[in-house]
Every structure is written in structure tokens, then in C-alpha cells.
Amino acid sequence: MPVALCRPGDALSGALRRYKDAPAPDARAHHAHSLTRMLRDHLEEHGSCLWSAAGGWDAVAVVPSSRPGALAVAHPLMGVAAAAGLASPTGTIRLVGLGRPPAHLRPRPEWVAVAGEVEGRRVLLLDDTWTTGAHAFSATGAIGRRGATVAAVLVLGRTVDPGAAPALADWWGRMTARPASAACCIEGQGGP
Ligand SMILES: [Zn+2]
């Protein structure tokens with residue numbers, strides 16, 4: 001489930017990068033705050049749709065960052081999710097990226113190490129950006145190999161370049177023409 005759509009170079013796409021790597025702490029905090037507000041508003045409206053379509057979850061995990069040096073610190077998206085009130089009934093699962101991240105369209109579960117005992121858990125997987133899904137699919141594969149299930153993937157921004165193909169331009173036009181309240185993005189859930 002994407003919270004919002006973005007195009008390369010637009011404001012959301014910038015915020016999704018800068019909340020992690022803007023040089024000034026104040027700038028990172030500013031962007032984290034605006035993403036928190038966006039996620040909180042989305043969960044108020046669609047959190048229960050996501051919960052029921054996913055069949056619920058009992059843990060939350062964040063797709064590892066591909067930045068060098070990200071290993072040392074907790075992923076900032078975990079802070080955004082907690083501030084937005086995203087509940088993780090039995091805590092979080094830590095995922096760590098190992099070495100070079102997967103290329104577009106080439107998921108590689110070996111990239112992701114899953115910390116701790118996770119067998120039997122149902123996981124809500126979070127990511128800030130979805131482009132081709134290679135990172136999220138890699139994490140999903142790694143979680144599955146450890147005996148847990150990814151119940152749903154929630155991403156803040158799904159990045160689409162409408163200029164890349166006429167079909168994408170059509171799709172972008174249709175999606176952005178809908179009023180925000182028109183319908184839930186999950187088929188059959190919520191909306192008029
Ligand atoms: Zn909904």
C-alpha cells in the first residue's frame with residue numbers, strides 16, 4: 001500500500017531522501033516531521049483497511065537502507081512510524097542490509113539479514129520509497145526464509161516517472177485526477 005505517489009525530483013521525493021541524509025539535523029527533523037504527519041493522516045483513514053486486507057500483523061520491520069554507514073544506527077523510518085502511531089504489537093524486527101543493495105527489478109534476499117527469532121511472526125514491512133520493489137521483495141524473501149510471513153508492505157512514496165512510457169503517463173493522469181477521498185487504494189476496502 002503506497003501512502004502517496006511521487007515523481008523523481010518532486011517535493012515528496014526530496015523529503016523521502018532528505019529525512020535520512022540532509023546534512024543539517026534540523027533539516028532531517030523537518031522532513032521526518034512532515035512524513036510523520038502524512039503517515040499519521042493516512043493511517044487514520046486507511047489503517048483499518050490495511051489491517052483487515054493484510055489479515056493483521058504482530059510485528060513491524062523496516063526495509064534496510066542502502067546508504068553506506070546505515071548499519072550503525074536504527075533506521076529513521078522506524079522513528080517516523082512510531083511517531084505516527086503505527087502499532088507493532090510485539091515489537092519490531094531488525095533487518096540489516098549486507099553489502100551491495102539489489103539492482104532495480106532484481107530482488108536478492110541474501111542482501112537482508114534478519115535479526116533475532118522471527119519464526120511464525122506476521123510482519124508489516126515498511127519502506128520509504130518504492131521504485132521497482134527490489135528492496136522490499138529482497139526483505140520479503142529474507143523474512144520468508146526465516147519462517148515468518150510478510151502480511152503487507154506499506155511504503156510512504158511510490159516513485160513513478162510518467163515520462164518513461166505513454167502507459168505510465170496515462171496511469172499517472174488517472175491516479176492523480178481522483179480526489180484523495182474517492183476510494184481506498186485497496187480493492188474492495190473503504191471508500192464510496
Ligand atoms: Zn482505505
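Here, the structure is the one placed above.
This report concerns the structure included in the present document. (Residues numbered from 1 in each chain as written. Predicted model: local features only at pLDDT ≥ 70, side-chain atom pairs only at ≥ 80, totals over all residues. Heavy atoms only, no water.)

## Structural notes on the packing of aromatic side chains
Step number 1: Counting across every chain of the model gives two aromatic pairs.
Step number 2: Relative to tryptophan 57, the ring of tryptophan 51 has its centre 4.7 Å away and its plane inclined at 65°; by these criteria the two rings are edge-to-face.
Step number 3: Looking at tryptophan 51, the relative accessible area reads 40%, which means it is partly exposed.
Step number 4: What makes tryptophan 57 buried here is its relative accessible area of 8%.
Step number 5: Ring centres of tryptophan 130 and phenylalanine 137 lie 5.6 Å apart, and the angle between their planes is 70°; on these two criteria the pair is classed as edge-to-face.
Step number 6: With relative accessibility at 45%, the residue phenylalanine 137 sits in the partly exposed group. (Phe/Tyr/Trp six-rings, centres within 6.5 Å; stacked < 30°, edge-to-face > 60°. Buried < 20%, exposed > 50% of the residue type's maximum accessible area, 1.4 Å probe, protein only.)

## Looking at the pairing of strand 6 (residues 122-130)
Step number 1: With four bridges connecting them, strand 2 (residues 59-62) and strand 6 associate as parallel partners. Among the inter-strand pairings, alanine 61 is bridged to a residue of strand 6, identified as leucine 125.
Step number 2: Summarising the sheet, strand 6 and strand 7 (residues 149-159) pair through eight bridges and their orientation is parallel. Opposite aspartate 127, over in strand 7, you have valine 155 as the bridge partner.
Step number 3: With respect to chirality, the unit in which strand 6 leads through helix 4 (residues 134-145) into the neighbouring parallel strand 7 is right-handed. (Pairing = 2+ DSSP bridges. Helix = DSSP H or I, 4+ residues; strand = E, 2+ residues; numbered from the N terminus. Right-handed = clockwise from strand over helix to strand, strands pointing away.)

## A few points about unusual backbone geometry
Step number 1: In this structure, leucine 105 takes a positive phi of about 65° despite not being glycine.
Step number 2: For leucine 105, the position within the fold is in the loop between strand 4 (95-97) and strand 5 (112-114).
Step number 3: Since its relative accessible area comes to 69%, leucine 105 is described here as exposed.

## Digging into the packing of helix 1 (residues 11-21) against helix 2 (residues 25-54)
Step number 1: Where helix 1 meets helix 2, the axes come as close as 8 Å, and the angle between the chain directions of the two elements is 125°. When the axes of helix 1 and helix 2 are compared, the pair comes out oblique. Considering only the axes of helix 1 and helix 2, their crossing is left-handed. Residues Leu12, Ala15, Leu16, Arg18, Tyr19, Lys20 and Asp21 of helix 1 form the contact with helix 2, whose participating residues are Arg28, His31, Ala32, Leu35 and Met38.
Step number 2: In the contact of helix 1 with helix 2, the residues fall into seven nonpolar, one polar and four charged. (Axes fitted to C-alpha atoms, helices over the stretch in contact; angles between N-to-C directions. Parallel < 35°, antiparallel > 145°, perpendicular 65-115°, else oblique. Left-handed = near helix turned anticlockwise from the far one by under 90°. Contact = heavy atoms within 4.5 Å. Nonpolar A, V, L, I, M, F, W, Y, C, P; charged D, E, K, R; others polar.)

## Side note on the pattern of salt bridges
Step number 1: Counted under the stated rule, the structure contains three salt bridges.
Step number 2: Between aspartate 58 and arginine 121 there is a salt bridge, with its nearest N and O atoms 3.5 Å apart. Taken together, the residues span a long stretch of sequence, with aspartate 58 in the loop between helix 2 and strand 2 and arginine 121 in the loop between strand 5 and strand 6 at a distance of 63 residues.
Step number 3: What makes aspartate 58 partly exposed here is its relative accessible area of 23%.
Step number 4: By relative accessible area, which is 18% here, arginine 121 ends up buried.
Step number 5: Between arginine 145 and glutamate 110 there is a salt bridge, with the nearest N and O atoms lying 3.3 Å from each other. With a gap of 35 residues between them, arginine 145 in helix 4 and glutamate 110 in the loop between strand 4 and strand 5 connect regions that are remote in the sequence. (Salt bridge = Lys/Arg side-chain N within 4 Å of Asp/Glu carboxyl O.)

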